[in-house]
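Okay, here's what each chain looks like letter by letter:
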Amino acid sequence: MTNQDEAMHKAQEAARQEILDLVKNYCETYHNQNPEFTPGQRIPYASRVYDSAEMVNLVDSALEFWLTAGRWTEKFERGLADYLGVRFAALVNSGSSANLTAFMALTSPLLGERRVKRGDEVITVAAGFPTTVTPMIQYGAVPVFVDVTIPQYNIDVTKLEEARSPKTKAVMIAHTLGNPFDLRAVRDFCRRYNLWLVEDNCDALGSRYDIDGKMRYTGTIGDIGTSSFYPPHHMTMGEGGAVYTNDPLLARIIRSFRDWGRDCVCPPGKDNTCGHRFDGKYGDLPRGYDHKYVYSHFGYNLKATDMQAAIGCAQLEKMPHFAERRRHNHARLLAALRGMEKSYLLPEPCPGSDPDWFGFLITCRGDADRSKIVPYVESKGIQTRMLFAGNLTRHPCFDEMRASGEGYRVAGSLENTDRIMRDTFWVGVYPGMTDEKIDYMAKVLREAPEKA
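Conventions adopted
- Residues numbered from 1 in each chain as written.
- Predicted model: local features only at pLDDT ≥ 70, side-chain atom pairs only at ≥ 80, totals over all residues.
- Heavy atoms only, no water.
- Helix = DSSP H or I, 4+ residues; strand = E, 2+ residues; numbered from the N terminus.
- Rg over C-alpha atoms; globule rule 2.2 N^0.38 Å.
- Buried < 20%, exposed > 50% of the residue type's maximum accessible area, 1.4 Å probe, protein only.
- Contact = heavy atoms within 4.5 Å.
- Areas by Shrake-Rupley, 256 points an atom, 1.4 Å probe, with all protein chains shown as cover.
- Lys, Arg positive; Asp, Glu negative; His and termini not counted.
- Charge placed at Lys NZ, Arg CZ, Asp CG, Glu CD.
- Core = buried A, V, L, I, M, F, W, Y, C linked by side-chain atoms within 4.5 Å.
- Phe/Tyr/Trp six-rings, centres within 6.5 Å; stacked < 30°, edge-to-face > 60°.
- Pairing = 2+ DSSP bridges.
- Expected span 1.5 Å × (residues − 1).
- Arc of directions from axis to C-beta.
- Axes fitted to C-alpha atoms, helices over the stretch in contact; angles between N-to-C directions.
- Parallel < 35°, antiparallel > 145°, perpendicular 65-115°, else oblique.
- Left-handed = near helix turned anticlockwise from the far one by under 90°.
- Nonpolar A, V, L, I, M, F, W, Y, C, P; charged D, E, K, R; others polar.
- Patch = residues over 30% accessible without salt bridge, like charges linked within 9 Å, V, L, I, M, F, W, Y side chains within 5 Å.
- Salt bridge = Lys/Arg side-chain N within 4 Å of Asp/Glu carboxyl O.
- Right-handed = clockwise from strand over helix to strand, strands pointing away.

Q: Can you lay out the overall build of the protein for me, pointing to particular residues and giving the numbers?
A: Across its full length, the protein carries 13 helices and 14 strands. In summary, the protein has a C-alpha radius of gyration of 24 Å against a globular reference of 22 Å for 452 residues, a match within 12%. Overall, the protein is about 80 × 60 × 45 Å in size when its C-alpha atoms are taken along their principal axes. When each of the 452 residues of the protein is scored for burial, the buried share is 53%. Intrachain contacts of the protein at a sequence separation of at least 6 include 75% that bridge at least 24 residues. For the protein, the exposed area adds up to about 20400 Å²; of that, 51% sits on carbon and sulfur atoms. In the protein, which carries 55 positive and 58 negative side-chain charges, the distance between the mean positions of the two groups comes to 3 Å.

This is the structure we're talking about:
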């Protein structure tokens, strides 16, 4: 480096630091103002929680103007893998893309006889978010819907044997609002029949489960786990998601589907890191065809940007605090609603689990009518949500399949799923909630059965 280059570099770094210092001051001055809570003030079910670290990282990455995945992405992927205790993590552009990538990975020819093919069956549930199921239907696999239990709101594992058929290849289900499903029973079932297990961990990042005498993070016990980083989730980068695994072959396939279906594993912007870019023989292509343009899968471009990853790096450091606060808020609300069991079924954690709660689920019963309770609670400024689809099979997107009787299967009845559709709702416990807000929500929920 010449003296002129060194001087230019120093000037650039000084200007960069000046900008970042100003950004930090701007954020601390004009963002994250926390006025005193007034009863009746809007309490959202979820919201982003951040400080100047996220904003500084965002601007720092923008100053580099590397507009796709780069060094921040690599840093985030390493950090997430370390946090979860897995070998491989791949950043994608949403939780929906994470589920798409995870499922499509199971269709790879590289998996041989275990490959999921069109017409094969995947056991799942209808009480949840549709993007757990959408990839199966779009590919041509057959979702087999199993009922759930209340008040855990997760798959009824006693129905697994009934749901299985010679065509069953996988189980793909979510941990509902941070509450782990019975991982021991589901994992053992999958091992018994050599089935893939995909954990949709989008609503449960930070939840833990005691498996084989060790507390492990959900999403790391099955073959593949997925996360979402949309603003309401446990951490955010605006839009974003991740797919993770301990299996090197699955990790390679996941990255291929994420990166256009390429066979090459070189990161974007880097060439020939393996040293064999021009000397391979692939399919019917001529020997030496550029490996960066060899496609082993029909893939997509599902990458996120470095600007998103930079925010994620700052959020990831806050995960222990976020999880602690979510557990605190959930426990405080639960304690405040004890004695309301005549009106509400209160949530229960899966035995052996330590949930990082995404929300607080309530099923109305007795004198409590959800159609009256929810409008009353909303009128008091408290935002509510249904348990997503309630029963996905009753939505318009299933009209054609319902009419034809093809494309999906129901094992047994969906009695509890239908009850959730009719009687269940939830409120938030996100880390930005104060004790005053939790106590106000409890007051409104306690009075709702009489006043609604």
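So much for the structure itself; the text now carries on.
Q: Tell me what's going on with the nonpolar core, and back it up with residues and numbers.
A: Core analysis: the biggest nonpolar cluster contains 34 residues, and I123, I155, V171 and V186 have the highest contact counts within it. Where this core is concerned, the elements lending two or more residues are β2 (121–125), β3 (142–146), α6 (160–163), β4 (168–174), α7 (183–192) and β6 (208–211). The biggest single contributor to this core is α7, with four residues. Setting aside anything within four residues of it in sequence, one finds V186 in contact with I155, V157, L160, V171, I173, F181 and L197. I43, C364, Y376 and Y440 belong to the second largest nonpolar core, which has 30 residues in total.

Q: Could you give an account of the packing of aromatic side chains, with specific residues and numbers?
A: Under the definition given, this model contains 13 aromatic pairs. For the pair F398 and Y408, a centre-to-centre distance of 5.0 Å together with 85 degrees between the ring planes defines the contact as edge-to-face. Residue F398 is located in the loop between α10 (370–379) and α11 (399–404), and its partner Y408 is located in the loop between α11 and β13 (409–410); the two are separated by 10 residues in the primary sequence. Overall, Y408 belongs to the buried group, its relative accessible area being 18%. An aromatic cluster is defined as three or more aromatic residues linked by ring pairs; in this entry it consists of Y45, F129, F358, F388 and W426.

Q: Any chance you could break down the sheet that holds β6 for me, citing the residues and the numbers?
A: One open sheet holds the three strands; their spatial order is β7-β6-β11, and the pairing between them is antiparallel. In this open sheet, the two strands that pair with only one neighbour each are β7 (214–217) and β11 (353–354). Where β6 lies against β11, two bridges are found, and the strand directions are antiparallel. Its bridge partner lying in β11, R208 is registered against D354.

Q: Outline helix α3 (residues 71–84), listing residues and values.
A: Taking 1.5 Å of rise per residue, the 14 residues of α3 would be expected to cover 20 Å, and the 20 Å separating its terminal C-alpha atoms lies within 8% of that figure. For α3, the full list of buried residues reads W72, T73, F76, E77, L80, A81, Y83 and L84. Along α3, the residues classed as buried sweep out an arc of 165 degrees about the axis, all on the same side. Every exposed residue of α3 that faces more than 90 degrees away from the buried side is listed here: R78 and D82. Buried residues in α3 make contact with α2 (52–64), β1 (88–92), β7, β9 (241–245), α8 (248–258) and α9 (306–337). Where α3 ends, the next residue or the one after it, G85, has phi of about 80 degrees, a positive value.

Q: Give a description of the packing of α3 against α9 that names residues and reports values.
A: Relative to each other, α3 and α9 sit at 30 degrees, their axes nearing to 8 Å. Here α3 lies roughly parallel to α9, going by the angle between them. The way α3 lies across α9 gives a crossing that is left-handed. Residue-level inspection shows R71, W72, T73, K75, F76, G79, L80 and Y83 of α3 in contact with α9, the latter providing D306, A309, A310, G312, C313, L316 and M319. A per-class count over the contact of α3 with α9 returns nine nonpolar, three polar and three charged.

Q: Report on a nonpolar patch on the surface, specifying residues and quantitative values.
A: The grouping of W260, Y289, Y293 and Y295 at the surface amounts to a nonpolar patch, some 450 Å² of accessible area in total. Inspection of the secondary structure puts W260 in the loop between α8 and α9.

Q: Please provide a residue-by-residue account of the pairing of β4, values included.
A: Burial runs high along β4: six of the seven residues are buried. Alignment of β2 against β4, held across three bridges, turns out to be parallel. Bridged to V122 within β4 is A170. Alignment of β4 against strand β5 (residues 196–200), held across five bridges, turns out to be parallel. When the sheet's bridge partners are listed, M172 is paired in β5 with V198. One crossover worth recording links β4 to the parallel β5 by way of α7, and it is right-handed.

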